[in-house]
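# Secondary and tertiary structure notes
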Amino acid sequence: MVPDISTASSDHDSLCVAIHEDSGLWATIGIGAKQAWVNFANPTKSLDKIEGLNQLEGRWVYHVLSYDLKNCIEDIKDRPGVKREMPISITVDPEWVIRFRIDQNDRAFEILQGHFTDQIQRCYEWMDNIRKAFKSDIVPKKDTTNTCLQPTIQKTQYDNALRRIHEHLQRGDIYEVNYCQSFEGTFEIRDPFSLWIDLLRQSHAPFACYCKFRNWTMLCASPERFLQRKGNVLISQPIKGTIRRGATPEEDETMRQQLLNSPKERSENVMIVDLVRNDLSRIAKKNTVRVRELFGAYRFKTVHHLISTIEAEIPSETNLIAILRATFPMGSMTGAPKVSAMQIAEQLEFLERGWYSGSLGFVSPEGDFDFNVIIRAIIANSETKKVTCAVGGAITHASDIDQEYDETLLKASMLRASLTT
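Everything in this summary refers to the structure shown in the same document. (Residues numbered from 1 in each chain as written. Predicted model: local features only at pLDDT ≥ 70, side-chain atom pairs only at ≥ 80, totals over all residues. Heavy atoms only, no water.)

## Things to note about helix α2 (residues 155-171)
With 17 residues, α2 ought to run about 24 Å at 1.5 Å a step, and its terminal C-alpha atoms sit 25 Å apart, in line with that. Tucked into the core, α2 has its buried residues touching β9 (176-186), α7 (338-348), β21 (386-395) and α8 (401-417). Gly172 sits one or two residues past α2 and shows a positive phi near 85°. (Helix = DSSP H or I, 4+ residues; strand = E, 2+ residues; numbered from the N terminus. Expected span 1.5 Å × (residues − 1). Contact = heavy atoms within 4.5 Å.)

## Here we look at the packing of aromatic side chains
Scanning the entire structure with this criterion turns up twelve aromatic pairs. Considering the side-chain rings of Trp126 and Phe193, the 6.2 Å spacing of their centres and the 40° angle between planes classify their relative orientation as tilted. Residue Trp126 is found in helix α1 (residues 119-135), and its partner Phe193 is found in helix α3 (residues 192-203); the two are separated by 67 residues along the sequence. There is no split in this pair, since Trp126 and Phe193 are both buried. Note on Trp216 and Trp355: the rings are 5.6 Å apart at their centroids and 50° apart in plane angle, and the pair reads as tilted. Here Trp216 is found in strand β11 (residues 216-220), whereas its partner Trp355 is found in the loop between α7 and β18 (359-363), with 139 residues between them in sequence. Assigned by exposure class, Trp216 and Trp355 land together as buried. One cation-aromatic arrangement involves Arg99 over Trp26; the distance from NZ or CZ to the ring centre is 5.5 Å. Across the ring face of Tyr124, the terminal group of Arg107 is positioned such that the distance to the ring centre comes to 4.1 Å. (Phe/Tyr/Trp six-rings, centres within 6.5 Å; stacked < 30°, edge-to-face > 60°. Buried < 20%, exposed > 50% of the residue type's maximum accessible area, 1.4 Å probe, protein only. Lys NZ or Arg CZ within 6 Å of the ring centre and 35° of its normal.)

## Remarks on the packing of α2 against α8
At a minimum axis separation of 10 Å, α2 and α8 run at an interaxial angle of 125°. Relative to α8, the element α2 lies oblique. The way α2 lies across α8 gives a crossing that is right-handed. Of the residues in α8, those touching α2 at Lys155, Tyr158, Asp159, Leu162, Arg163 and His166 are Ile401, Asp402, Glu404, Tyr405 and Thr408. Residue composition of the contact of α2 with α8, grouped by class: four nonpolar, two polar and five charged. (Axes fitted to C-alpha atoms, helices over the stretch in contact; angles between N-to-C directions. Parallel < 35°, antiparallel > 145°, perpendicular 65-115°, else oblique. Left-handed = near helix turned anticlockwise from the far one by under 90°. Nonpolar A, V, L, I, M, F, W, Y, C, P; charged D, E, K, R; others polar.)

## Points about a nonpolar patch on the surface
Taken together, the side chains of Val270, Val291 and Leu294 make up a nonpolar region of the molecular surface, amounting to roughly 190 Å² of accessible area. According to the relative accessible area criterion, Val270 is partly exposed, its value standing at 31%. (Patch = residues over 30% accessible without salt bridge, like charges linked within 9 Å, V, L, I, M, F, W, Y side chains within 5 Å. Areas by Shrake-Rupley, 256 points an atom, 1.4 Å probe, with all protein chains shown as cover. Salt bridge = Lys/Arg side-chain N within 4 Å of Asp/Glu carboxyl O.)

## Some words on the side chain of Glu349
Within the fold, Glu349 resides in the loop between α7 and β18. Residue Glu349 is classed as buried on the basis of its relative accessible area, which comes to 5%. A polar contact of 2.8 Å, which involves the side chain of Glu349, links it to the side chain of Arg353. Apart from the residues lying within four places of it in its own chain, the contact partners of Glu349 are Arg79, Asn178, Tyr179 and Cys180. (Polar contact = N/O pair within 3.5 Å; in protein donor to acceptor, adjacent residues only side chain to side chain.)

## Looking at the pattern of salt bridges
All told, the structure shown has 34 salt bridges when counted by the stated rule. As a salt-bridge pair, Asp173 and Arg171 come within 3.1 Å of each other at their nearest N and O atoms. On the basis of relative accessible area, Asp173 is assigned to the partly exposed category, the value being 30%. For Arg171, a relative accessible area of 54% gives the class exposed. If you follow the salt bridges from partner to partner, you end up with Asp68, Lys70, Asp78, Arg79, Arg84 and Glu346 in one network.

## Digging into unusual backbone geometry
For the bond running from Phe328 to Pro329, omega is -5°, close enough to zero to count as cis. A cis amide bond, omega -10°, links Ala336 with the succeeding residue Pro337. For Pro337, the position within the fold is in the loop between β17 (335-336) and α7. At Arg376, a position not held by glycine, the phi torsion is positive, near 50°. Secondary-structure assignment places Arg376 in the loop between β19 (369-372) and β20 (377-381). Relative accessible area serves as the criterion here: at 21%, Arg376 is assigned to the partly exposed category.

This is the structure we're talking about:
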């Protein structure tokens, strides 16, 4: 039985779970909040004034970074009438932190912070459920005809926005932009942790995360790493390029080759690789930025993704704020050139991205960290009962408006189906 944490209200009942790959598949779990910092949008606040982002010496901390933190980094003006309901950042200093291997069968886990007593049985239950989700092979199909989440814009509004984007593309203002739309509903998720386990069962997402803090809950099945720090090395792994899995091994390999050889998907990927290289070069040691893998075609449970890996060496004194100032938001969720793409998306989108296309990650006492890209996420507010999910796609010269719209519906289908009434 998964512990029911849906009624948790105090900071002591907060929970942050981060799945991450590092010579194996791991889960790092932060329980409770010895200290916490919550920041809301402030158009005059710079990144170095955001409380909680400075590294706490000798402590493990979790950060939730909203996409809208971009306004503290670049000169991005909000469109008229936009409302920022989600915090632009949350930092949690957990009372306890544990880590365990998902791809191993033993019940051993490592205590990284705090001393466990009655929490141990609870951790065993979390470990068992997460491991079972990643080992599952059969996902029962759900009815998708009656969903709680409905699109917040009409197809005509989406079409008009993409036509405007194509005008910018033709003028050379941008080469690519990630354009997003959202789906919303008003209801209560009574057992969000079990719902998150269900999303893991469907996706096996290697950078999934779960966050419950005060009235906010996020269930995320992300396949993408934003940024990892290991000593003086930064590693970024943007995803650009997606195609479905095949029904047979032969069809599956055909689909994989189709993705690998798609001029559109390769073009989108290389543009983001160049953007990431440029971002990293702002803080890297000279001549250390390199592409370790270009166009890696990786199999996930339901799709193939094109993933590239870029790394760089940085001076040891470079802190998290300096790294975020150079790299955030991640290029795979903005477009290129980065600032122009964000400015255009800000004016043409009909949503508050909030935590979507932001990042959740943890920082070790030594300053190492691992952050994901928050995509394929359900975000709920227990006070307002508002539940949202957002999806997006890269728009280029080669993009067809109807195909891009259908792709957003496909990306949202798993999340919407999980909330069928």
